[in-house]
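# A closer look at the structure
Listed below, chain by chain, are the residues.
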Amino acid sequence: MNRLHDLYREHGQSPWLDNLRREWINNGELARWVQRGVRGLTSNPSIFQKAMTSGTQYHGQFAELLAEGMSVADAYWELVLTDIAGALDVLAPVHQKSGGVDGFVSVEIDPNLARDTENTLAAARAINQRVSRPNLYVKIPGTAEGLAAVEAMTSEGRSVNVTLLFSLSRYAEVIEAYLRGLEAHPGDLSPVSGVASFFISRTDTEVDRRLEAIGTPEALALRGQTAVAQGQVAYQIFKQKFSGPRWEALTARGGRVQRPLWASTSTKNPAYPDTLYVEQLIGPDTVNTLPDATLDAFTDHGALARTVDADPDAAQAVLDGVAGVGVDLQAVADRLEEEGVSAFVKSFEDLLDSLRATADQLTPGRQADSRSTQNPPARSERAEGAR
């Protein structure tokens with residue numbers, strides 16, 4: 001037993017790993033993380049950019065795909081879905097033993113679609129149909145345009161990780177989309193689940209910058225508190241939305257809560273404790289997805305206590321105080337959403353550029369291609385993995 005096991009067994013929070021590398025699947029490192037207490041995994045374009053541009057782990061499969069005549073764009077999806085299939089295999093026992101609560105692996109659609117409802121839905125469906133595993137989450141950005149896609153996917157019985165959430169108002173809208181989707185689904189709801197990824201540390205980075213620009217003693221005293229307070233208030237919204245007659249009608253049909261997932265929980269400011277965004281958001285029916293370094297830090301010296309709803313009035317007072325000194329939290333959320341989408345698009349495009357350069361090295365004389373990257377290629381055995 002260790003702190004990761006205790007986090008789940010004593011407090012009902014599932015620690016997930018916010019990273020993925022092919023060598024971790026092949027050398028057993030991911031399986032060792034699971035043995036240590038990791039109960040799920042998230043990925044994103046930035047993670048794949050780092051993985052695919054470090055070393056030569058992907059070159060063999062990439063060269064084979066190019067030799068078969070596949071475009072770089074389609075080959076990218078093959079590389080990604082091969083990794084996802086491998087991770088799904090490793091996490092499948094967790095999914096089975098937990099009764100479908102954990103053991104999920106998340107993969108993100110093309111980030112260029114964040115403002116395009118119709119194509120977001122098409123891409124999410126394509127990935128879900130291609131991989132077709134009960135422990136897959138397709139990640140859809142929680143933009144205004146993504147809400148309808150979340151509702152539609154849920155109504156079709158497909159499980160979704162709604163990502164890039166920065167505001168309480170948008171979080172409430174995401175829950176509503178999930179509830180409407182469940183209500184529209186005609187059958188047993190027990191195979192359907194979801195998480196809503198509320199980003200934490202980036203909020204402190206931006207709010208602290210604005211507090212320091214204001215510069216008053218009242219403003220400076222609030223630094224480093226907003227992100228946790230916002231997460232704690234979000235948890236109150238979660239508890240309120242998933243209770244009462246409306247929710248009870250859905251639980252009677254097998255409905256599962258859409259758990260809050262705390263994302264971006266590595267500490268960006270070295271002046272703050274390295275486990276701050278884990279220790280202050282612990283509570284039942286939640287997920288915290290952590291980079292491996294933060295998982296190591298929490299395993300080594302993290303404090304275990306139920307904190308996410310220890311003092312909701314104090315959390316709200318922090319948000320009121322931040323607004324009172326002149327920080328517009330909705331403007332902060334809007335900026336962070338735009339920056340988050342842009343960062344994932346940049347990682348995605350940079351990775352494709354890198355793969356094109358690698359393709360030129362592996363297959364000299366190759367004719368350049370520019371096929372769409374929005375959907376994975378047609379199903380093949382390559383990314384299916386073991387059933």
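Being a predicted model, the structure only gives us computed values, none of them experimental.

Attention now moves to the overall build of the protein chain. Each helix and strand counted, the protein chain has 17 helices and eight strands in total. By the compact-globule yardstick of 21 Å for 387 residues, the protein chain fits well, its C-alpha radius of gyration being 21 Å. Expressed as a percentage of its 387 residues, the buried residues of the protein chain come to 55%. When contacts within the protein chain are restricted to residue pairs at least 6 apart in sequence, those whose partners lie at least 24 apart make up 79%. Here the protein chain has roughly 15,000 Å² of accessible surface; of this, 49% comes from carbon and sulfur atoms. For the protein chain, the distance from the average position of its 37 positive side-chain charges to the average position of its 51 negative side-chain charges is 4 Å.

Attention shifts here to the pattern of salt bridges. Per the counting criterion, the structure on display carries 28 salt bridges. In this structure, the salt-bridge partner of arginine 180 is glutamate 151, at a minimum N-O distance of 2.9 Å. Of this pair, arginine 180 sits in helix H9 (residues 168-184) while glutamate 151 sits in helix H8 (residues 147-155), and the two are 29 residues apart along the sequence. Between glutamate 337 and arginine 170 there is a salt bridge, with its nearest N and O atoms 3.1 Å apart. Of the two residues, glutamate 337 is situated in helix H17 (residues 329-362) and arginine 170 in helix H9; the sequence distance between them amounts to 167 residues. The class for glutamate 337 is buried, based on a relative accessible area of 12%.

Let us now look at the side chain of serine 197. Summarising the element assignment, serine 197 is placed in strand E6 (residues 194-199). A polar contact of 2.7 Å, which involves the side chain of serine 197, links it to the side chain of asparagine 161. In this structure, serine 197 is in contact with Asn161, Val162, Thr163, Leu164, Leu165, Leu261 and Ala263, ignoring residues within four places of it in sequence.

In this section: unusual backbone geometry. At serine 132, a residue that is not glycine, the phi angle is positive and equals roughly 50°. At aspartate 285, a residue that is not glycine, the phi angle is positive and equals roughly 60°. Inspection of the secondary structure assignment puts aspartate 285 in the loop between helix H14 (276-279) and strand E8 (286-290). Overall, the relative accessible area of 41% leaves aspartate 285 in the partly exposed class.

Next up on the list: the packing of helix H5 (residues 59-67) against H17. Running from amino to carboxyl end, H5 crosses H17 at an angle of 75°, the nearest separation of the two axes being 10 Å. In terms of orientation, H5 and H17 fall into the roughly perpendicular class. Touching His59, Phe62, Ala63 and Leu66 of H5 are Leu355, Thr358, Ala359 and Leu362, all from H17. A breakdown of the residues in the contact of H5 with H17 according to their chemical character gives six nonpolar, two polar and no charged.

Among the structural elements, tryptophan 24 can be located in helix H2 (residues 22-26). Counting along the chain gives 329 residues from tryptophan 24 to aspartate 353, while the straight-line C-alpha distance between them is 25 Å. Once residues within four sequence positions are removed from consideration, tryptophan 24 is found in contact with Leu17, Asn19, Glu29, Leu30 and Asp292.

Right, let's talk about the environment of alanine 227 for a bit. Following the sequence through the fold, alanine 227 ends up in helix H12 (residues 226-241). Its relative accessible area of 1% is what places alanine 227 among the buried residues. Once the C-alpha coordinates of alanine 227 and threonine 203 are considered, the two residues, 24 residues apart in sequence, prove to be 5.4 Å apart. Those residues in contact with alanine 227 that lie beyond four places of it in its chain are Ile200, Thr203, Asp204 and Tyr277.

The next point concerns H8. One turn of an α-helix holds 3.6 residues; hence residues three or four places apart share an orientation. Of all nine residues in H8, seven are buried, a share of seventy percent or more. Where H8 is concerned, the buried positions are Leu147, Ala149, Val150, Ala152, Met153, Thr154 and Ser155. If you follow the buried residues of H8, they end up packed against helix H7 (117-131), strand E4 (136-141), strand E5 (160-165) and H9. Directly beyond the C-terminal end of H8, a positive phi value near 80° is found at glycine 157.

The geometry of H12 relative to helix H16 (residues 312-324) is characterised by a closest axis approach of 8 Å and an angle of 125° between their N-to-C directions. Considering their axes alone, H12 and H16 lie oblique with respect to each other. Handedness of the crossing formed by H12 with H16: left-handed. Packed against H12, whose contacting residues are Thr226, Ala229, Gln230, Gln232, Val233 and Gln236, the element H16 presents Pro312, Ala315, Gln316, Val318, Leu319 and Val322 at the interface. Across the contact of H12 with H16, the residue classes break down as seven nonpolar, five polar and no charged.

Rules used throughout
- Residues numbered from 1 in each chain as written.
- Predicted model: local features only at pLDDT ≥ 70, side-chain atom pairs only at ≥ 80, totals over all residues.
- Heavy atoms only, no water.
- Helix = DSSP H or I, 4+ residues; strand = E, 2+ residues; numbered from the N terminus.
- Rg over C-alpha atoms; globule rule 2.2 N^0.38 Å.
- Buried < 20%, exposed > 50% of the residue type's maximum accessible area, 1.4 Å probe, protein only.
- Contact = heavy atoms within 4.5 Å.
- Areas by Shrake-Rupley, 256 points an atom, 1.4 Å probe, with all protein chains shown as cover.
- Lys, Arg positive; Asp, Glu negative; His and termini not counted.
- Charge placed at Lys NZ, Arg CZ, Asp CG, Glu CD.
- Salt bridge = Lys/Arg side-chain N within 4 Å of Asp/Glu carboxyl O.
- Polar contact = N/O pair within 3.5 Å; in protein donor to acceptor, adjacent residues only side chain to side chain.
- Axes fitted to C-alpha atoms, helices over the stretch in contact; angles between N-to-C directions.
- Parallel < 35°, antiparallel > 145°, perpendicular 65-115°, else oblique.
- Nonpolar A, V, L, I, M, F, W, Y, C, P; charged D, E, K, R; others polar.
- Left-handed = near helix turned anticlockwise from the far one by under 90°.

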